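# Observations on the three-dimensional arrangement
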Amino acid sequence: MPRLWLEFKKLEPNALNYSLRANVGGSWWNGAVTDPISQDPRARHAELVQEIEAHRAAYYERDQPTVSDAEYDALERELRELEAMHPELAEPDSPSHTVGGAVATGFASVRHRERMMSLDNAFDLKDVAAWLDRIEKGGGPRELVCEPKIDGLSISLTYEDGILTQGVTRGDGTTGEDVTANIKTIAGLTHRLDRERAPVPSIVEIRGEVYLPVAAFDELNTALAEEGKATYANPRNTAAGSLRQKDPKVTATRPLAITTYALGALEWGAAIPDPRAETQIGAYALLADWGLPVSDLTETHAGIAAIEGYLNRLEARRHSLVHEIDGAVLKVNDRAAQRLLGATSRAPRWALAYKFPPEEVTTRLEDIRVGVGRTGRVTPYGVMTPVTVAGSTVAFATLHNADEVRRKGVLIGDTVVLRKAGDVIPEIVTAVVAARTGTEREWIMPTSCPSCGTTLARQKEGDVDLRCPNAEKCRGQIVDRIGFIGSRGAFDIEVLGDKAAAALVEAGVLDDEGGLFDLTETDLKRVPLFTLDQDSKKDGVSRRAGDVSTNGLKLLENLEAAKARPLWRVLVALSIRHVGPTAARALASAFGSLDAIRAADEVTLSAVDGVGPVIARSVQEWFGVPWHARIVERWGAAGVRMVDERGDAGERTLEGLAIVVTGSLQGFSREGATEAIVARGGKASSSVSKNTDFVVVGENAGSKAAKAEELGVPILDEAGFTRLLENGPG
Ligand code: IVH
């Protein structure tokens, strides 16, 4: 009888969370549980308050967040829900009533003339609809100003008689830090309001968001990385850090920008008040006339349907904007109505922040391992406690190379920030240093191949990547090369992925990719992945355990079909370094056969449009290796066609047209669509510009569709695309 041993340990004195260790038959499992019975609301409340305050201090005072924004929002939400159920817990100084941020030492503290508030958050349309309802029931007007919620830090600017006299951070909302000298270094921030275009008040507080444009952030981080220095986690923290520099000269080197979006105290004095200040949208026109930057993404709408449309359009463009946004802000347009609606202790009732789903989360880095790829490159990757980010579950993320691990400063056991922006692959951004417990350990790049044990080496001096030089025999490389042959860019064989490749090598039916096209049913009977483990009957055909499975038969069929596919796919499938689909197409169309490519010298190869010296050298070197030549020979002997038949190219309906396909289409894989375009003389591009002729939009298309709309590029759906392929643009 197996024995089960459970060990619980309270994590903190007041906490409801316990760590759990279970010993099952001698091996230990680690986990965590929450005690649901003793959930004492007072204890949980105290715990939440403490946690929120600690996170606020880290975020606002040290510019070093300890949790992701989404996790922080969840804590605040839980606190508010708890206080709604137990109002006696809601003391006046609860974080639910206060604004995050405090006055850091080192800067003079300044009292705002009018309080700077935070915003209440909505996380879905239901929240927005409920808020709209409340406003309309209160007799509030329906017209709303919709604008981006810029992810930067808020600032209050004071202009006295039109002259910029003070720039102050939000601080606790009542008092902030005087960062006037730093603020004045921001290009595009006028120090003097333009009195030619609009009347200038005797005193006005103007609120806005200081941010670092995404492009500037990327540039800064690239430069830091090249110098081997630690990089910044995100534009927001970089902007906050830049603004808090003691020396304004340092701030001046950071290309900060500002967008203004609210008025605070306003005294016209002797000037005739500008009536535009009576609406929110009018105030933006006024700000613009004064010479201040305002958002060009602001629109006015009424009703939930129109607002939903705005939110969707904004989210689609999220990644093509100059600055990061984490949502939208909705504001009642009429400023008199704003005053009537008033505010709670921390946020106005007339405005609401709608938050997009988080793209940054934190998780635990359980381990760093290395894998060897098809070109022998050995890359470290993080193994993480699985988390959901931007809609998908992520457990692994590449760390690229050892330098990258060092630059990011991550340790095994660290809490790490994981980011997945748009359709970009997930990335470990940084470690949350403040969450370290002392049990984390440094990772050391291995010196030998994780698969075959051969000592790793750099191919040439100065390379960042370490490679396993045992390309011919290293099992990891062989498996990855075989799996790659089935990938979309090569022969596009769905059943031939990494798992199948590993199973074929494991079972000993393949030593390397040379024998792939010789595989027979007899071979596959030796591969458990491709055989039936019990008798079966399907479509009237009965088969026995041990027979080749449907997938196995499909593999053989697809391999047979692959033998007649175009030459460029053969070239890609050979895993020649630097030869991807684009170079392979160029080579195939210039030479027409593998023999001709092999026979060409470096000069001839590099003269081909789209090839160049690096690829030419790589191709030459590749054919010079005896075991490579043997693979080509075996494939040829098995019937793989290594010549393109000319003349069957079909009509060139798309000659000279640049076409972008985005989102997923029903009738074409991504590769298939590209192939169809190129075969008809068109160019398949990946990014939309003013030179793009058509954008084909499939399901779940992202920012490219929005970009096309913005640039006025014609947009086609799948049916339109099929017609374009057949008939050309006419
Ligand atoms: S209005 C009284 N508009 O979001 C209303 N805030 O989460 C004050 N923010 O503290 C804010 N973009 O730093 C407003 N278009 C926008 C904004 C915006 C970003 C920031 C601001 C505020 C925070 C609240």
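In the block above lies the structure referred to throughout.
Residues numbered from 1 in each chain as written. Predicted model: local features only at pLDDT ≥ 70, side-chain atom pairs only at ≥ 80, totals over all residues. Heavy atoms only, no water.

## Some points on the overall build of the chain
A count of helical and extended segments in the chain gives 24 helices and 26 strands. With respect to the principal axes defined by its C-alpha atoms, the chain has extents near 95 × 80 × 60 Å. The burial tally for the chain puts 48% of its 730 residues in the buried class. Residue pairs in contact within the chain that sit at least 24 positions apart in sequence constitute 64% of those at least 6 positions apart. (Helix = DSSP H or I, 4+ residues; strand = E, 2+ residues; numbered from the N terminus. Buried < 20%, exposed > 50% of the residue type's maximum accessible area, 1.4 Å probe, protein only. Contact = heavy atoms within 4.5 Å.)

## Remarks on unusual backbone geometry
One non-glycine residue, Asp-161, lies in positive phi territory at about 50 degrees. Within the secondary structure, Asp-161 sits in the loop between β7 (153–160) and β8 (163–169). Phi angles above zero are rare outside glycine, and His-578 is one such case at about 70 degrees. Looking at where His-578 falls in the secondary structure, it is placed in the loop between α16 (567–573) and α17 (581–591).

## Considering the site of the ligand
Inspection of the region around the ligand gives 15 residues, with Glu-147, Ser-154, Arg-170, Glu-209 and Lys-331 positioned closest. Within the contact set of the ligand, an oxygen atom lies 2.9 Å away from a side-chain nitrogen or oxygen of Arg-170. At a separation of 2.7 Å, an oxygen atom of the ligand approaches a polar side-chain atom of Glu-209. Surface burial for the ligand is 88%, taken as the share of its 530 Å² of free accessible area covered by protein chains. Top contributing element to the shell around the ligand by residue count: strand β6 (residues 144–150), with 4 residues. Classifying every residue of the shell around the ligand gives 8 nonpolar, 2 polar and 5 charged. (Near = heavy atom within 4 Å. Polar contact = N/O pair within 3.5 Å; in protein donor to acceptor, adjacent residues only side chain to side chain. Areas by Shrake-Rupley, 256 points an atom, 1.4 Å probe, with all protein chains shown as cover. Nonpolar A, V, L, I, M, F, W, Y, C, P; charged D, E, K, R; others polar.)

## Focus: the sheet that holds β7
Paired through backbone hydrogen bonds, the strands of a sheet run either parallel or antiparallel to each other. The 4 strands are arranged β8-β7-β10-β11 in an open sheet whose pairing can be described as antiparallel. Of all the strands in the sheet, the pair left with one neighbour each is β8 and β11 (257–267). In this sheet, adjacent strand axes meet at a mean angle of 25 degrees when their direction is disregarded. Where β7 lies against β8, 6 bridges are found, and the strand directions are antiparallel. What sits directly across from Thr-158, in β8, is Gln-166. Taken strand by strand, helix α6 (residues 235–243) contacts β7 and β10 (203–211), and its axis lies near 40 degrees from that of β7. The strands touched by helix α8 (residues 280–290) are β10 and β11; relative to β11, the strand with the most contacts, the crossing angle is about 110 degrees. (Pairing = 2+ DSSP bridges. Axes fitted to C-alpha atoms, helices over the stretch in contact; angles between N-to-C directions.)

## Here we look at helix α15 (residues 550–562)
Look at α15: 18 Å from first C-alpha to last across 13 residues, which is about the 18 Å you get at 1.5 Å a residue. All of the buried residues in α15 are Gly-552, Leu-555, Leu-556, Leu-559 and Ala-562. Here the buried residues of α15 occupy an arc of 125 degrees about the axis, which is enough to place them on one side. Residues of α15 that are buried make contact with α13 (498–506) and α14 (521–524). (Expected span 1.5 Å × (residues − 1). Arc of directions from axis to C-beta.)

## A look at the sheet that holds strand β25 (residues 694–697)
In spatial order, the strands read β24-β23-β25-β26; together these 4 strands make up an open sheet with parallel pairing. Taken across any chain shown, the strands that pair with only one partner, and hence form the sheet edges, are β24 (683–685) and β26 (715–716). Two elements, strand β23 (residues 658–662) and β25, share 4 bridges in a ladder whose sense is parallel. Note on β25: the bridge partner recorded for Val-661 is Val-696.

## Regarding the pattern of salt bridges
Scanning all chains against the criterion turns up 38 salt bridges. For Arg-318, the salt bridge goes to Glu-359, with nearest N and O atoms at 3.6 Å. Of this pair, Arg-318 sits in the loop between α9 (304–316) and β13 (325–332) while Glu-359 sits in the loop between β14 (351–355) and β15 (360–372), placing them 41 residues apart in sequence. Of the two residues examined, Arg-318 and Glu-359, each falls in the buried class. With a shortest N-O distance of 2.7 Å, Asp-414 and Arg-436 are connected by a salt bridge. Separated by 22 residues along the polypeptide, Asp-414 in the loop between α11 (402–408) and β18 (415–419) and Arg-436 in the loop between β19 (427–431) and β20 (466–467) bring together distant segments of the chain. By relative accessible area, which is 0% here, Asp-414 ends up buried. You can call Arg-436 partly exposed: its relative accessible area is 28%. In the salt-bridge network here, residues are joined through shared partners; they are Arg-56, Glu-76, Arg-80, Asp-120 and Arg-346. (Salt bridge = Lys/Arg side-chain N within 4 Å of Asp/Glu carboxyl O.)

## A closer look at the nonpolar core
Residues Leu-504 and Trp-635 are the most contacted members of the largest nonpolar core, which totals 60 residues. Of all the secondary structure elements, the ones that give two or more residues to this core are α12 (475–485), α13, α15, α16, α17, α18 (594–599), α20 (612–623) and α21 (626–637). The residues touching Leu-504, leaving out its near neighbours within four places in the chain, are Leu-496, Val-509, Leu-510, Leu-519, Leu-524, Val-527, Phe-530 and Leu-555. Within the second largest apolar cluster, 36 residues are counted, among which are Ala-216, Ala-240, Ile-258 and Ala-262. (Core = buried A, V, L, I, M, F, W, Y, C linked by side-chain atoms within 4.5 Å.)

## Focus: the side chain of Asp-151
Of note, Asp-151 is situated in the loop between β6 and β7. Buried and unpaired, Asp-151 has Arg-236 as its nearest opposite-charge partner, separated by 4.7 Å. Not counting residues within four places of it along the chain, the set of residues in contact with Asp-151 comprises Asp-69, Glu-209, Arg-236, Glu-324, Ile-325 and Asp-326. (Lys, Arg positive; Asp, Glu negative; His and termini not counted.)

## With respect to the side chain of Glu-404
Assignment of secondary structure puts Glu-404 in helix α11. Take Glu-404: its relative accessible area is 14%, and that puts it in the buried class. Of the polar contacts made by the side chain of Glu-404, one reaches the side chain of Arg-407; its length is 2.7 Å.

## With respect to the packing of α12 against α13
Interaxial distance between α12 and α13 falls to 8 Å at its minimum, and their mutual angle equals 130 degrees. With respect to α13, the axis of α12 lies oblique. Every pair of crossing elements has a handedness; the one defined by α12 and α13 is right-handed. Contact with α12, carried on its side by Arg-475, Ile-478, Val-479, Asp-480, Ile-482 and Gly-483, involves Asp-498, Ala-501, Ala-502, Val-505 and Glu-506 of α13 and no other residues of that element. Of the residues in the contact of α12 with α13, the class split is 6 nonpolar, 1 polar and 4 charged. (Parallel < 35°, antiparallel > 145°, perpendicular 65-115°, else oblique. Left-handed = near helix turned anticlockwise from the far one by under 90°.)

## Description of the pairing of β15
Strand direction decides the pairing type here: β15 and β18, joined by 5 bridges, are antiparallel. Residue pairing for β18: Thr-363 is matched across the bridge by Val-416. As paired elements, β15 and strand β16 (residues 377–389) share 7 bridges and run antiparallel to each other. Bridging across to β16, Ile-368 finds its partner in Gly-382. Turn length for the β15-β16 hairpin, with the two strands adjacent in sequence and antiparallel, is 4 residues, and the turn residue Gly-376 shows positive phi of about 90 degrees.

## What to know about the packing of aromatic side chains
For any pair of aromatic rings, the description rests on two quantities: the centre-to-centre distance and the angle between the ring planes. Tallied over the entire structure, the rule returns 7 aromatic pairs. Both rings, one in Trp-268 and one in Trp-290, keep their centres 6.4 Å apart while their planes meet at 50 degrees; by these two values the pair is tilted. Of this pair, Trp-268 sits in the loop between β11 and α8 while Trp-290 is found in helix α8, placing the two residues 22 residues apart along the sequence. Considered together, Trp-268 and Trp-290 belong to a single accessibility category, that of buried residues. Taken together, Phe-491, Phe-517 and Trp-635 form an aromatic cluster joined through their ring pairs. Across the ring face of Phe-123, the terminal group of Arg-77 is positioned such that the distance to the ring centre comes to 4.0 Å. The ring of Trp-568 is capped by Arg-585, whose NZ or CZ atom sits 4.1 Å from the centre of that ring. (Phe/Tyr/Trp six-rings, centres within 6.5 Å; stacked < 30°, edge-to-face > 60°. Lys NZ or Arg CZ within 6 Å of the ring centre and 35° of its normal.)

Function cannot be inferred from these measures alone, as they are strictly geometric.
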